[in-house]
Amino acid sequence: MENPTDDYKIQSFDLDTQMLLKTALKDPSSVNLVKVSNVIVDQSLKDQVFSKEAGRICYTIVQAEAKQNNGSVFRRNMLNRLQQEFKNREEMRGRSLQEWVCYVTFICNVFDYLKVNNMPMVALVHPVYDCLIRLAKPDALMNEEEVRKNVDCLVLQLHRIGEQLEKVNSPRMDELFFLLRDGFLLQEGLSSMARLLLLEILEFRAGGWLLSGTAHKYYYSEIAD
Amino acid sequence: MSDWTRGSRRDANNSEIENSSYGPSRWSNCRKRGIDGSLRADRGVDGGEKDLHADSSSRHSDKRPESFTTPESTGPVSRCSRQADWGSQVEDDEMRRGVHRDMQRRRILGAEVTQRERKTSSGSSGSCDSKEGDNMETDEAVLLRRQKQINYGKNTLAYDRYIKEVPKHMRQSGVHPKTPNKFRKYSRRSWDQQIKLWKVKLHTWDPPAEDGQDNVLDNIEELGLGDVMDIELDFPNLSDSQNAPTTHILSLDGEDCLGTPVKVQKTESTVEPEMSSS
């Protein structure tokens, strides 16, 4: 029988913490939600797999807390932690590229899942753009290791939330894509993989956040032998 | 400016604050939530329900005279008009959307509602000509401010207990506190006074305090409202423009000595005593 909490990818946590999270999902007021939010944020910065889906568990806890007692302790603490990390992002990036990429993945995931009355959180729009733009700056495309991590993250996020982001702030998306075009055209020594990813995302946006059938075939079909 | 640093300082403090404890204020046992939004009492949560006001107050207390304390905080709190931390921004956003929805609802249901209200209106909500559907308060800033004040009142254990004890259809006008109607046109002073009296009335449903201090009459004296309680709330002609300090209310009933005139003056002239916390 399937355990629904597997969907939240919490297997990477130790068993006690898994218990804590499961309880938070069902009965938020019985746990220390500040601690829960810290646990989730901390893990998101370490575990890329988790960071890609952590928005989901956040969403469920937020809903559960609101329903149970109209509270927003979890959301408030989680957002403020995110803000704290955002403020120190350059230092984080300098310290660990992996952590930085995990952070961007996580904040984009939160932006995707945590809506306020079905609208994106306005407070996160600029920070998300700041993060994505940072991933496209020339210094992020310089060496092979950096490029791979940064561009991978960037195109994944744009696939997931690009359309929403553009809707809430189109000029900044233009700003981002100026950088992407520059990167594609001007960045010396860019690997072919990186160029492929950039070309695909350029086409994706140009197609209204959709790849045409033929383009999809080009990028995603198995090459027939 | 130091918006970001203020935010991060607060955030950095969170982990320490989590595990320290501040003495509850006289009023804090009536509040359903602490400043960080966590529920108080009735819970066995560690580190969840601490009153964070004390932290802010230690940072800002140099700017405020001691008499500037609101009933619901342990001390002076910062009063920036826009909180920089994401948590607050999102909550404000949420509240704004809620108010907009309320406005839409009110516009659609307006005529019907004012008919009903005319029949059951209580004396304390004041008689204004805004009972016609087309004369409602529409200024967003005003509605948001009022909603915030209402939220502070509803965010109390007293309110929770009140609504459980007295269902809406059992409420008697004049006897049971009624939430002021944010869509009616009132002068600023009239509205603030209604809110104040509404909250004082709600204290009747305060949970019994362990230290036996929580006496409704004590509370009224503390606010210096003892002599003001009897005044009819009816200021239809007063202008709304500013919040000038007013001792006017004190002289209306002919008495000029209250136990704590300074405090009353300060609370009268205070723009948003509760707006500051978040």
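The preceding data block contains the structure.
Procedures and definitions
By convention here, each chain's residues receive numbers from 1 onward along its written sequence. Following the order in which they are written, the chains are lettered starting with A and the ligands numbered starting with 1. In view of the model being predicted, local features appear only for residues whose pLDDT reaches at least 70, and side-chain atom pairs are presented and counted only at 80 or more, with totals across whole chains, interfaces and linings using the full set of residues. To get the side-chain values, all heavy atoms of the structure are used, and hydrogens and water are removed first. To form a nonpolar core, buried Ala, Val, Leu, Ile, Met, Phe, Trp, Tyr and Cys residues must be joined to one another through side-chain atoms within 4.5 Å. Three labels apply to residues, based on accessible area from a 1.4 Å probe with only protein chains included: buried if under 20% of the type maximum, exposed if over 50%, partly exposed otherwise in between. The contact criterion used is simple: two residues touch if any of their non-hydrogen atoms lie within 4.5 Å. Elements are defined by DSSP. Helices are runs of H or I of four residues or more, strands are runs of E of two residues or more, and each kind is numbered from the N terminus. A pair is scored as a salt bridge if a Lys or Arg side-chain nitrogen falls within 4 Å of a carboxyl oxygen belonging to Asp or Glu. What a helix should span is 1.5 Å times the count of its residues minus one. Polar contact criterion, stated in full: a pair of N or O atoms within 3.5 Å, where within protein one must be able to donate a hydrogen and the other to accept it, and residues adjacent in sequence count only if both atoms are side-chain atoms. Note on disulfides: each one is a pair of cysteine sulfur atoms within 2.5 Å.

(A) Quick peek at the nonpolar core. Counting 78 residues, the largest nonpolar core has A:Ile40, A:Tyr103, A:Leu132, A:Leu158, A:Leu176 and A:Leu180 as the members making the most contacts within it. Excluding residues that lie within four positions of it along the chain, A:Leu176 makes contacts with A:Leu132, A:Ile133, A:Ala136, A:Leu154 and A:Leu158. Within the second largest apolar cluster, 11 residues are counted, among which are B:Ile150, B:Trp191, B:Trp198 and B:Trp205.

(B) Examining unusual backbone geometry more closely. Residues and elements named next belong to chain A. Notably, asparagine 117 is not glycine yet its phi reads approximately 50°, a positive angle. Tracing the backbone shows asparagine 117 in the loop between strand 1 (115–116) and strand 2 (119–120). A positive phi is found at tryptophan 209, a non-glycine position, where the angle reads about 65°. Locating tryptophan 209 in the fold gives a position in the loop between helix 11 (192–206) and helix 12 (213–220).

(C) Spotlight on the pattern of salt bridges. Residue and element names in this part refer to chain A. Using the criterion set out here, one finds 25 salt bridges over all chains in the structure. With a closest N to O distance of 2.8 Å, arginine 172 and aspartate 130 form a salt bridge. Taken as a pair, arginine 172 in helix 10 (residues 170–186) and aspartate 130 in helix 8 (residues 122–136) lie far apart in primary sequence, 42 residues in all. Between aspartate 139 and arginine 134 there is a salt bridge; the shortest N-O distance is 2.8 Å. Relative accessible area serves as the criterion here: at 31%, aspartate 139 is assigned to the partly exposed category. One connected set of salt bridges, linked through shared partners, spans Glu90, Arg93, Arg134, Asp139 and Glu146.

(D) Geometry of helix 2 (residues 33–46) of chain A. All names here are of chain A. Taking 1.5 Å of rise per residue, the 14 residues of helix 2 would be expected to cover 20 Å, and the 20 Å separating its terminal C-alpha atoms lies within 8% of that figure. Counting buried positions over the 14 residues of helix 2 gives 10, a clear majority of the element. Turning to helix 2, its buried residues are Leu33, Val34, Val36, Ser37, Val39, Ile40, Val41, Gln43, Ser44 and Leu45. N-cap assignment for helix 2: the residue whose side-chain oxygen lies 3.0 Å from the backbone N of valine 34 is asparagine 32.

(E) Region of interest: the state of the cysteines. Residue and element names in this part refer to chain A. Using the criterion set out here, one finds zero disulfides over all chains in the structure. In this model cysteine 102 remains outside any disulfide bridge; the closest cysteine sulfur is found in cysteine 153, 8.4 Å from its own. Using a relative accessible area of 0% as the deciding quantity, one classes cysteine 102 as buried. Cysteine 108 takes part in no disulfide bond, and the closest cysteine sulfur to it belongs to cysteine 153, at a distance of 6.5 Å.

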